[in-house]
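Coordinates in review
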Amino acid sequence: MASNDPLLQPFRLKHLSLRNRIMSTSHEPAYSEDGLPKARYRLYHEEKAKGGIGLTMIGGSSIVSPDSPPAFGNLHLWDDAVVPWLKELAEGVHRHGAAVMCQITHLGRRTSWNTGDWLPVVAPSPLREPAHRALPKEMEEHDIRRIVADYAAAARRCIDGGLDGIELESYGHLMDAFWSPATNRRDDAYGGSLDNRLRFSLEVLEAIRAEIGAEPVLGIRMVFDEAMEGGLGRDEGLRIAEKLVATGTLDFLNVIQGHIDTDEGLSHVIPGMGTPAAPYLGLCGEVKRAFGLPVLHAARITDVASARHAVAEGLLDIVGMTRAHLAAP
């Protein structure tokens, strides 16, 4: 008998049919081996699929370039060796009825210089990152061209690996570092006006679509409001989303509020047990009403009642209950 539970209704994300509205958002369990999603990584996501989830996102902060050194076991999407392991993982998850996507990013300054290949950390401007203490090199034109191409190549590896889609990570990393007045002090074509600060992201989106074509699902997990002095505010965040959506390259928006420059800031982006349930559903509803794209979100949605309310009230389309699935897949 068909269920009336809003969480258990199927959902069509572009061409992709999801069996329900429940997802596990991208995070990094540090189960990779040599930057590759081998057996332990695959089995972890297969368990989520066996548990009945509609969509699991792998590869929390999977890195697109060698000069984005891994910070916590990140997958190496710059390496062709990742493709057969992605294929095996995708087949395993699909076998149990779930969809699977990968999050891709360049960490920018949010990493340490003395890991990986010890290459210089790069960012829009040479401002020290508070958490890892890296002092980045200001990206030059050739760095921008190279990293745009790296994003496209990494997206191609995901699709060649049989994944159902790709999510760009844009909070606290390289793409949104160009957006935020707090981290972009450039005075060239990539700094200053909002259009200039968006230029890098628009080039990345264009390059990815040129590489993978129009069919694969492509979305973005992005900050709409950094909630910090001198940072990106909600009005400007909504204008950024408007300009990104207007390109026609995106198929979903995954909503984030807050910044991760400090541990205190991180505690609001990924709220702890002392935070009231589902603190950012109001913002999700605003994004849903503004853009008409499918909206994904996860932040302190730990109980079925809150998740059910979010879907039933049209505040979002797919709800992430990631820590809940760590406990009981």
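Conventions we followed
- Residues numbered from 1 in each chain as written.
- Predicted model: local features only at pLDDT ≥ 70, side-chain atom pairs only at ≥ 80, totals over all residues.
- Heavy atoms only, no water.
- Helix = DSSP H or I, 4+ residues; strand = E, 2+ residues; numbered from the N terminus.
- Rg over C-alpha atoms; globule rule 2.2 N^0.38 Å.
- Buried < 20%, exposed > 50% of the residue type's maximum accessible area, 1.4 Å probe, protein only.
- Contact = heavy atoms within 4.5 Å.
- Pairing = 2+ DSSP bridges.
- Right-handed = clockwise from strand over helix to strand, strands pointing away.
- Phe/Tyr/Trp six-rings, centres within 6.5 Å; stacked < 30°, edge-to-face > 60°.

On a plain count of helices and strands, the protein chain comes out with 10 helices and 12 strands. For 329 residues, the compact-globule formula gives about 20 Å, and the C-alpha radius of gyration of the protein chain, at 18 Å, lands near that figure. Principal-axis analysis of the C-alpha atoms places the extent of the protein chain at approximately 60 × 40 × 40 Å. In the protein chain, which comprises 329 residues, the share counted as buried stands at 58%.

Our next topic: the side chain of K38. Within the secondary structure layout, K38 lies in the loop between β3 (22-24) and α1 (39-50). Since its relative accessible area comes to 19%, K38 is described here as buried. Beyond its immediate stretch of four places on either side in the chain, K38 contacts E33 and W85.

When you tally the buried positions in strand β9 (residues 217-225), you get nine out of nine residues, the bulk of the element. By the bridge criterion, six bridges tie strand β8 (residues 165-170) to β9 in an arrangement that is parallel. In the strand pairing of β9, L168 is matched with I220. Two strands pair when backbone bridges link them, and β9 and strand β10 (residues 252-257) are joined in this way by six bridges, in the parallel orientation. Paired with G219 across the bridge in β10 is F252. Taken together, β9, helix α6 (residues 234-246) and β10 form a β-α-β motif whose crossover is right-handed.

This part takes up the packing of aromatic side chains. Going through the model one piece at a time under the given rule, you end up with five aromatic pairs. Both rings, one in Y151 and one in F200, keep their centres 6.3 Å apart while their planes meet at 70°; by these two values the pair is edge-to-face. Here the residue Y151 occupies a position in helix α3 (residues 141-160), and F200 occupies one in helix α5 (residues 194-212), the gap between them amounting to 49 residues. In this structure Y151 comes out as buried when scored by relative accessible area, which is 0%. Seen in terms of ring centroids, F178 and F200 are 4.7 Å apart; in terms of plane orientation they differ by 20°. Their pairing is stacked. With a gap of 22 residues between them, F178 in helix α4 (residues 174-179) and F200 in helix α5 connect regions that are remote in the sequence. Both residues of the pair, F178 and F200, count as buried. In this structure an aromatic cluster arises from ring pairing among Y151, F178, Y190 and F200.

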